[in-house]
Amino acid sequence: MILTQKAISRRTVLRGVGASLALPLLDGMVPAFAALRTTAANPIRRLGVVYVPNGMMMPHWTPTSEGTGFSFPKILQPLEPFRPYIQVLSGMHGVESEGPHARASTRFLTGVPSKPDDGSDLRGGVSMDQLAGRVHGRETQLASLELALDGRDFAGSCDDGFSCAYTNTIAWANEFTPLPMENNPRVVFERLFGDSGSTDPSVRQARLAKDASLLDSVTERAADLSRELGPHDQAKLGQYLDAVRDIERRIQMAEAQSDRELPVVEQPAGIPGSVGEHAALMFDLMALAYETDLTRVVTFMMGREITGRTYAEIGVPDAHHPISHHQRDPEKLEKLTKINQYHVQLFSAFVERLANTNDGDGSLLDHSMLVYGAGMGDSNAHASTNLPILLAGGATGSGGRHVQYSKETPLANLHLSLLDKMGVPVDQLGHSTGRLPIEPLSGV
Amino acid sequence: MLRVPRRLRVPAFLVGSVVVMWGHVLPVNAQTADATEAQLLTSTIGRYCASCHNDRLRTADLSFDGVDLSQVGEHAELWEGVVSKLRTRAMPPVGRPRPPADTYDALAGWLEAEIDRVAVRAPDPGRTHAIHRLNRAEYANAVKDLLALDVDVDALLPADDFDEYGFDNNADVLTVSSALMDRYLSAARKIGRLALGETPPAPVTETYKVPILMVQDDRMGDDLPFGSRGGIGSRHYFPVDGEYDVQIRLHRNYVNYVRGMGSRHELEVRLDGVLVGTFGFGGDEPDGVQAPASYGGNQFGDPEWEEYMLFADANMRVRFPATAGLHVVGVSFVRRFTEPEGVLQPRQSVFAVAVNEMRDGNAAVEHVVVGGPYVSEGPGDTASRRAIFTCEADGDGGETEEACARAILKSLARRAYRRPVDERDLATLMDFYRSGRQDGSFDAGIQLALERVLISPDFLFRVVRDPADVPPETAYALDDIELASRLSFFLWSSGPDEELLRVAEQGRLHDPVVLEREARRMLADPKTTQLVQNFVGQWLYLRNLRSVVPDAITFPDFDENLRDAFRQETELFVDSLVREDRSVLDLLGADYTFVNERLAAHYGIPNVYGSHFRRVQLDAAQAERRGGIFGHGSLLTVTSYPNRTSPVLRGKWMLTNILGTPPPPPPADVPDLPERGEDGRAATVRARLERHRESPACSVCHAPMDPLGLALENYDAVGQWRLTGEAGLPIDASGQLPDGTAFLGPTGLRSLLMERREQFVGTLTEKLLAYALGRGPEYYDRPTIRAIAREADSNNYRWSSIIVGIVKSTPFRMRRSES
């Protein structure tokens with residue numbers, strides 16, 4: 001919610017809008033604000049989850065040998081420069097349910113199956129990022145950020161018998177509330193840095209005070225309304241109240257942190273035309289959110305499940321979903337591999353940026369814990385087994401290793417261990433059966 | 001879309017009593033279980049069904065052993081599933097002994113009559129959510145009706161998720177998160193500023209882009225003058241009276257040279273059609289060395305020439321005064337009516353457009369930036385301010401001013417909350433008014449109170465409450481105020497207007513005569529365009545058109561003009577059906593459609609010139625290809641892959657949205673669809689699908705699905721008519737359904753669907769009912785749907801007969817109390 005004293009005028013900020021996509025301009029911000037970092041001894045940990053849709057071309061994902069010194073398969077090659085930070089975790093599975101695509105995204109961070117809509121409520125479970133956000137959000141203005149590349153405005157191409165809500169998100173605030181993921185960089189920007197239209201601190205303070213009183217007043221009204229309804233009917237109002245309280249909390253946080261210097265950042269104009277530019281811009285915003293410590297928890301869906309996005313820019317003019325039903329056709333296999341690799345390539349640019357950003361005694365990458373993967377294994381089989389998962393970042397505690405887990409290992413077990421590392425111990429997440437040993441490695 | 005229940009079970013809910021019932025809304029084939037008839041049916045079930053569905057095998061977890069046909073209505077969920085299988089001839093499976101056709105219909109008809117008989121005695125209206133959030137379109141319409149303000153809602157709010165039936169107004173799926181609340185807060189602030197005409201703290205800019213594949217060779221729409229070419233007409237909201245500017249950027253090629261510099265162009269800027277600036281450029285190349293056409297971009301011309309090519313649009317900026325409110329900013333070229341000399345070149349697309357180094361041809365606009373206000377002369381007199389200020393404040397801060405504020409806020413709140421306001425509502429708003437007034441002006445006070453209105457649960461949610469005295473699980477009638485909102489959101493995707501609200505406040509709306517009169521009055525209002533856009537846009541997947549990307553190599557002719565034309569054709573067509581109250585069957589086949597020159601060329605319809613859409617009468621041959629939605633490029637494109645047609649996608653769409661019998665999802669690991677024919681030679685999709693269907697596991701679903709899609713194989717993936725398909729093999733558009741019905745091409749498909757019109761009308765009614773209620777269809781809605789379809793039958797299936805039928809139906813007027 002804050003632009004800074006270094007502020008250039010609104011006109012200047014908007015000067016280049018639309019003229020070009022402001023990718024490198026986001027880099028142009030950077031005043032020195034290392035000062036607000038916590039001490040080197042106790043670095044802030046960040047959690048990031050990057051999800052790719054429609055499964056994976058597994059033969060080109062899984063390293064052929066276990067342990068250290070594995071060679072990077074085709075899809076993972078862009079990440080090779082960051083070998084010490086990478087752990088490939090093979091063999092884990094997701095909980096089975098109906099809806100091969102709905103379950104893939106739903107269970108990814110929740111460990112809970114997707115539920116066919118038989119006329120009753122949407123039903124999922126709280127996701128691990130939200131559990132982390134609840135705790136880390138006490139210290140940041142935003143508890144979490146949910147990002148996507150796809151919009152939500154299309155019909156008839158979600159999983160049969162399931163609301164599109166299941167395939168459009170991996171983040172769930174609770175059992176009943178799937179969280180929308182934002183695909184417009186400009187909106188993400190406004191969520192991070194505000195839309196007040198003024199950089200004058202006193203104007204902004206007055207605005208925050210007004211917002212606080214507005215929210216206070218609707219809370220009262222919603223509580224009144226709630227009393228007129230039966231217990232089941234109150235759920236939706238509960239969502240509304242939670243949302244209002246969350247913003248109230250953020251306003252308090254923004255007021256408390258109002259002396260903090262934040263970067264002057266060029267506002268992105270909108271959604272870029274190509275996947276590459278769009279993804280890069282979202283990754284930039286993600287990095288920026290970490291850097292400014294506006295949030296420590298980000299989830300990013302590089303495609304909704306069943307996405308039919310085409311990738312003409314890498315020579316794949318075909319829609320992703322039908323290609324992923326490859327039926328072992330060599331041409332489709334090759335195209336699917338290209339898409340899978342392209343996603344990793346875009347992700348690796350983000351990893352590189354984190355590696356090059358100072359953070360306390362190390363880099364942002366040192367203090368981040370990134371999960372990259374898909375909600376199904378082999379695309380053609382819509383497999384719930386052998387999910388493609390990798391960890392990147394120093395904060396995973398180890399690196400440069402390929403670990404094969406037994407096929408009884410639920411993916412949710414990994415989340416318990418990751419939450420431990422985020423300092424948010426949880427005993428159970430969906431169908432988890434225990435913690436996953438993530439072995440430490442020397443050299444990191 | 002009804003599922004077969006997995007086991008024979010007593011429905012969880014049986015209506016105990018009916019609190020309110022009037023009229024005979026549901027005409028019923030009242031029929032009692034005739035003993036001999038029941039016996040015949042029992043034996044039919046025993047003979048054809050119970051060989052698999054018995055206590056021993058329990059196929060699909062279902063047993064008919066000891067079936068009791070005297071209790072059909074009490075087990076409606078199960079029997080509706082059976083009816084659905086019978087009506088679609090889905091059971092017994094192909095290859096097993098089947099009863100004769102008339103036995104199918106007799107059994108299904110008898111079961112339906114039994115279910116309907118019980119339903120009319122004890123109807124179950126279902127239970128909609130108590131809290132129903134406005135979706136994005138509804139929010140925009142509500143703001144427009146409240147404040148006479150057109151907002152760019154796509155920029156203000158995120159899109160909403162679709163439910164499993166494809167609608168984005170399902171109360172269950174419309175959740176609230178803090179990210180969304182954030183947007184509501186921000187939207188309220190922005191809307192408040194615009195509505196009151198607050199001067200922005202600094203000038204702001206808005207960019208209007210023209211996509212690169214939008215060919216600018218013709219007049220670009222009705223907002224631009226006759227005799228113009230290219231450019232864009234943008235509806236821009238000017239926040240205050242004051243000075244603004246428009247800046248134009250032209251299309252360039254990959255080395256940044258402005259396109260079309262070889263000849264002279266005149267570019268005009270107009271505000272609501274009045275000329276405010278003209279720019280001329282091109283056709284004036286300086287002598288000297290020019291950069292060669294190299295496709296490399298690494299050799300430069302003389303500096304003077306480079307400047308000429310690069311900076312033609314550097315000063316294309318014009319400043320002008322404008323009054324506050326919505327105006328059309330038109331930027332377009334003066335059209336030259338000349339024919340180019342030489343060999344006619346094919347139109348360039350994609351890569352060719354981007355690298356074009358030719359300097360003749362048309363210049364084009366890349367984007368237009370409207371900025372301002374640079375000078376503000378106050379809020380002016382806008383439609384919004386006239387809608388808000390029902391009285392005038394004297395500005396002294398005294399009692400009259402307070403009274404005026406009260407009057408304004410009372411009127412705003414009543415319309416925004418869609419109900420009478422009480423003293424508490426008003427007291428809250430007056431607090432915010434006073435707070436805003438204290439720091440600023442009267443306007444600032446109203447503005448802050450308006451923000452409070454726009455984030456209130458009373459505005460953002462439609463609320464229905466169980467009456468205090470109704471026992472649990474009992475059907476009761478909605479109160480008039482709740483019914484008014486249900487009606488207006490169904491027909492207009494917005495809140496009630498003054499008349500509807502007044503009728504509801506007077507407690508007269510539940511009177512069936514009044515309700516029907518209101519529904520018909522509202523249907524005649526232009527606001528029903530929202531029903532067409534929102535319901536039809538989702539039912540026909542029209543909204544997906546925005547995001548389809550046909551492969552540029554396979555379909556070089558596909559451009560943004562065509563994409564836009566596809567959408568307009570279908571919208572205009574369906575709008576005409578509803579507005580003229582024609583039969584819904586006209587969707588399947590009609591003797592007219594709407595085209596402009598671009599679309600007519602695509603369809604091969606001669607003698608249509610210009611970019612304006614007009615209604616064209618189709619002759620018999622044209623009607624076979626383009627009459628009805630199956631001939632619309634929009635539908636044919638959104639049910640295709642980027643580079644080829646998919647009979648499976650088209651067939652599935654047809655089963656789901658026209659016949660109401662969606663196929664089950666495919667198994668996880670489908671066997672290979674062979675890429676080539678049996679003998680290893682190239683094969684058509686048809687031939688390959690035929691081989692696929694040889695596998696019984698595949699044929700169950702594909703046998704009813706593929707033929708429907710294959711009948712449309714003469715339309716390619718962007719809806720153009722063709723005679724040969726893949727590998728240059730001729731198209732065979734014949735098909736045969738599992739029950740032996742054979743048909744050929746779109747014409748055959750059309751007559752097939754006309755024969756099954758009851759199924760189609762039932763499906764449409766079911767979809768429309770789900771949309772009207774904002775919940776998924778349930779088995780207990782079936783009697784209502786059948787009754788509406790029957791009524792509509794005697795009325796030539798007019799749109800109004802179905803829409804009014806829904807409005808008068810039990811699930812629309814009533815609700816079941818909480819259990």
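Keep in mind the model is a prediction, meaning the values are calculated, not measured. (Residues numbered from 1 in each chain as written. Chains lettered and ligands numbered in written order. Predicted model: local features only at pLDDT ≥ 70, side-chain atom pairs only at ≥ 80, totals over all residues.)

### Describing the overall build of chain A
Basically, it comes down to this: Counting from the N terminus, the helices are DSSP H or I runs at least four residues long and the strands are E runs at least two residues long. Remark: C-beta atoms are placed from the backbone, and a residue is labelled buried if 20 or more other C-beta atoms sit within 10 Å of its own, exposed if 12 or fewer do, or partly exposed between those counts.
The secondary structure content of chain A amounts to 12 helices and 14 strands. When each of the 444 residues of chain A is scored for burial, the buried share is 56%.

### Re the overall build of chain B
Rules: Radius of gyration here is computed from C-alpha atoms only, and the compact-globule reference equals 2.2 Å multiplied by the residue count raised to the power 0.38. Residues are scored as being in contact if the C-beta atoms we place from backbone atoms lie within 7 Å.
For chain B, the helix and strand inventory stands at 29 helices and 16 strands. Computed over C-alpha atoms, the radius of gyration of chain B comes to 31 Å, within 12% of the 28 Å expected from 2.2 N^0.38 for 819 residues, which places it in the range of a compact globule. For chain B, the proportion of its 819 residues judged to be buried stands at 47%. Partitioning the contacts of chain B with sequence separation of at least 6, the portion at a separation of at least 24 is 72%.

### Structural notes on the interface of chain A and chain B
In many reports, interface size means the accessible area that the parts give up when they come together. Taken together, the contact between chain A and chain B spans 70 residues of the former and 64 residues of the latter. Those elements that place two or more of their residues in the side of chain A that touches chain B are α1 (10-14), α5 (164-168), β6 (177-178), α6 (185-193), α7 (201-227), α8 (234-256) and β9 (316-319) of chain A.

### Considering the packing of helix α17 (residues 529-539) of chain B against helix α18 (residues 560-579) of chain B
All names here are of chain B. The line we're drawing: An axis is simply a line fitted to the C-alpha atoms; with a helix, the fit covers only the stretch in contact. Between two such axes, the angle follows the N-to-C directions and lies from 0 to 180 degrees. The cut-offs work like this: below 35 degrees is roughly parallel, past 145 is roughly antiparallel, 65 to 115 is roughly perpendicular, and the gaps in between are oblique. Should the near helix be turned anticlockwise from the far one by less than a right angle, the crossing is termed left-handed; should it be turned clockwise, right-handed.
Where α17 contacts α18, the axes come no closer than 10 Å and their chain directions differ by 125°. Regarding the angle of α17 to α18, the classification is oblique. The hand of the α17/α18 crossing is right-handed. Between α17, through Thr 529, Leu 531, Val 532, Gln 533 and Val 536, and α18, the contact on the second element is made entirely by Glu 571, Val 574, Asp 575 and Val 578.

### Structural notes on helix α12 (residues 442-454) of chain B
Residue and element names in this part refer to chain B. Using the following cut-off: Multiply 1.5 Å by the residue count of a helix minus one, and that product is the helix's expected span.
When the terminal C-alpha atoms of α12 are compared, their 19 Å separation across 13 residues agrees well with the 18 Å that a helix rising 1.5 Å per residue should span. The element α12 is extensively covered by neighbouring structure, given that 11 of its 13 residues are classed as buried. Here α12 has its buried residues at Phe 442, Gly 445, Ile 446, Gln 447, Leu 448, Ala 449, Leu 450, Glu 451, Arg 452, Val 453 and Leu 454.

### Focus: the environment of B:Val807
Residue and element names in this part refer to chain B. Topologically, Val 807 is positioned in helix α28 (residues 799-807). Assessed through the 23 C-beta atoms surrounding it within 10 Å, Val 807 is described here as buried. Residues Val 807 and Pro 512, spaced 295 residues apart in sequence, show a C-alpha to C-alpha distance of 9.6 Å. Contacts of Val 807, omitting those with residues within four sequence positions, involve Leu 487, Leu 515, Ala 519 and Phe 812.

### Considering the sheet that holds strand β6 (residues 274-281) of chain B
All names here are of chain B. The condition that has to hold: By this definition, two strands are paired if DSSP reports at least two bridges between them.
The antiparallel open sheet is built from 4 strands, whose spatial order is β3-β8-β5-β6. On the outer flanks of this sheet lie β3 (228-238) and β6, each paired with one strand and no other. Within the sheet, the average angular offset between the axes of one strand and its neighbour, ignoring direction, is 15°. By the bridge criterion, 9 bridges tie β3 to strand β8 (residues 325-334) in an arrangement that is antiparallel. Residue pairing across strands places Phe 238 opposite Gly 325, the latter belonging to β8.

### Focus on the pairing of strand β12 (residues 592-595) of chain B
Residues and elements named next belong to chain B. By the alternation rule, side chains of β12 split into Thr 593 and Val 595, which are all buried, and Tyr 592 and Phe 594, of which none is buried. Where β12 lies against strand β13 (residues 614-617), 4 bridges are found, and the strand directions are antiparallel. The residue bridging Phe 594 from the neighbouring strand is Arg 615, located in β13.

### What to know about the packing of helix α26 (residues 757-773) of chain B against helix α27 (residues 782-793) of chain B
Residue and element names in this part refer to chain B. Keep this limit in mind: Amino acid classes used here: Ala, Val, Leu, Ile, Met, Phe, Trp, Tyr, Cys and Pro are nonpolar; Asp, Glu, Lys and Arg are charged; the rest, including Gly, are polar.
Their axes nearest at 9 Å, the elements α26 and α27 cross at an angle of 120°. Taken together, the axes of α26 and α27 lie oblique to each other. The crossing of α26 and α27 is right-handed. Across the interface between the two elements, Glu 758, Val 761, Gly 762, Thr 765, Glu 766 and Leu 769 from α26 touch Ile 785, Ile 788, Ala 789 and Ala 792 from α27. Residue composition of the contact of α26 with α27, grouped by class: 6 nonpolar, 2 polar and 2 charged.

### Structural notes on the nonpolar core
Applied cut-off: Any nonpolar core is a set of buried residues, restricted to Ala, Val, Leu, Ile, Met, Phe, Trp, Tyr and Cys, that join up through C-beta atoms within 7 Å.
Grouped together as the largest cluster of nonpolar side chains are 264 residues, with contacts concentrated most on A:Tyr51, A:Met286 and A:Phe300. The residues touching A:Tyr51, leaving out its near neighbours within four places in the chain, are A:Phe108, A:Ile170, A:Phe300, A:Met301, A:Met302, A:Gly373, A:Ala374 and A:Gly375.

### Topic: the pairing of β6(B)
Residue and element names in this part refer to chain B. Burial of β6 is sparse: only 0 of the 8 residues sit out of reach of the surface. Relative to β6, strand β5 (residues 265-271) runs antiparallel, the two being bridged by 7 bridges. Looking across to β6, one finds that Glu 268 is bridged to Thr 278.

### Remarks on the confidence of the model for chain A
Defined as follows: As a per-residue measure, pLDDT tells how confident the predictor is, with possible values from 0 to 100.
Per-chain confidence: chain A averages 82 in pLDDT, with 81% of residues scoring 70 or above. Per-residue pLDDT stays below 50 along residues 440-444 of chain A; that stretch engages in 12 contacts with residues further than four places along the chain or on separate chains.

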